[in-house]
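# Structural overview
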Amino acid sequence: MNSDFAPPADLADRVSRVWRREGELPASLPQPSVDLLVFADGSVWLTGPETEARTGSLTEPLTGVRLRPGTCASVLGIAADEVPLAGMPFPGEGLDAALRALRAPARPADPAIGRVLQAIRADPGAPVSRHAAGLSERQLRRRFLVAVGLSPKAYARVVRLHRAMALARASSAPDWAEIAVRSGFYDQPHMIAEFRRAVGSSCVRFFQAAAVGG
């Protein structure tokens, strides 16, 4: 069972989706976000953002709440770069407790990093320095890590993967060379190499596997 749901309406600014997985994990791209995980026994964990896709199978159902960048720091009071990829225990039990924690009053999110995130999503192939919005490279990296859990360059690499797949799915006959350029890669070989690093296969094979998996 692999399902994705829209977040509760009052959490849409903090949560991008709620998902459920069971059994074999589907072919998927890495997710550059912190997730709140709810296990079958009710325990809740925080897990860090990905640059490489997870594979394997689950022995029990797993529910996840995918946080928008900045939510971990501004709402939960935990810097995103302090959340390990393997996860860390989080107080509470069950999905209701996880959602309750996300309804807590929030500190103001970092507006400069919000602008950088928007700029990267709009043009993930542009030099990160172009998105710096008056910040030094050191300031940008430090504040981005706190909000997102990845460096700006690592985040942009994952965004390019998602852009490429979105363009491929929107076409009846994907032109991979054009998709590479439109997604911000140097060229098609660069895109293929990035997909192999992140998901273990070329963009074409991943696209085919994801289509078969639904």
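For the structure itself, look to the data block above.
Scoring rules and cut-offs
- Residues numbered from 1 in each chain as written.
- Predicted model: local features only at pLDDT ≥ 70, side-chain atom pairs only at ≥ 80, totals over all residues.
- Heavy atoms only, no water.
- Helix = DSSP H or I, 4+ residues; strand = E, 2+ residues; numbered from the N terminus.
- Buried < 20%, exposed > 50% of the residue type's maximum accessible area, 1.4 Å probe, protein only.
- Polar contact = N/O pair within 3.5 Å; in protein donor to acceptor, adjacent residues only side chain to side chain.
- Contact = heavy atoms within 4.5 Å.
- Expected span 1.5 Å × (residues − 1).
- Pairing = 2+ DSSP bridges.
- Axes fitted to C-alpha atoms, helices over the stretch in contact; angles between N-to-C directions.
- Salt bridge = Lys/Arg side-chain N within 4 Å of Asp/Glu carboxyl O.

Residue placement: T47 occurs in strand β4 (residues 43-47). Given the relative accessible area of 6%, T47 is considered buried. A polar atom in the side chain of T47 sits 2.6 Å from the backbone oxygen of L85. The contacts of T47, once residues within four sequence positions are left out, are S33, V34, D35, L37, R54, V83, P84, L85, A86 and G87.

So, about helix α5 (residues 152-169). Between the first and last C-alpha of α5 there are 26 Å, a value that for 18 residues agrees with the 26 Å anticipated at 1.5 Å per step. Regarding α5, the residues found buried are P152, A154, Y155, A156, V158, V159, R160, L161, A164, M165, L167 and A168.

By the secondary structure assignment, R107 is in the loop between α2 (94-102) and α3 (111-122). A sequence separation of 70 residues divides R107 from L37, and the C-alpha atoms of the two residues are 23 Å apart. If we ignore the near neighbours within four places in the chain, the residues touching R107 are A73, S74 and G77. In this structure the side chain of R107 is engaged in a polar contact, spanning 2.6 Å, whose partner is the backbone oxygen of A73.

With that settled, consider the sheet that holds strand β1 (residues 2-5). Taken together, the six strands give an open sheet; going across it, the order is β1-β2-β5-β3-β4-β6, and neighbouring strands pair in antiparallel fashion. The open sheet terminates on both sides in strands that have one partner only, identified here as β1 and β6 (88-93). Ignoring strand direction, the axes of neighbouring strands in this sheet form an average angle of 25°.

As a further point, take the pairing of β4. Sheet analysis places strand β3 (residues 35-38) next to β4, joined by four bridges and oriented antiparallel. Bridging from a neighbouring strand, L37 pairs with W45 of β4. Between β3 and β4, which pair antiparallel in sequence order, lie four residues; one of them, G42, sits at a positive phi of approximately 95°. Two strands pair when backbone bridges link them, and β4 and β6 are joined in this way by four bridges, in the antiparallel orientation. Considered in β6, the bridge of V44 is made with F90.

Under the definition given, this model contains nine salt bridges. Here D10 makes a salt bridge to R103, at a shortest N to O gap of 2.6 Å. In this pair, D10 is assigned in the loop between β1 and β2 (15-24) and R103 in the loop between α2 and α3, connecting sequence segments 93 residues apart. Judged by relative accessible area, D10 falls into the partly exposed class, the value being 47%. The class of R103 is partly exposed, set by a relative accessible area of 40%.

This paragraph deals with α2. Within α2, the full set of buried residues consists of G94, A97, A98, L99 and L102. Of the surrounding elements, those touching the buried residues of α2 are β2, β3, β4, β5 (57-67), α1 (71-74) and β6.

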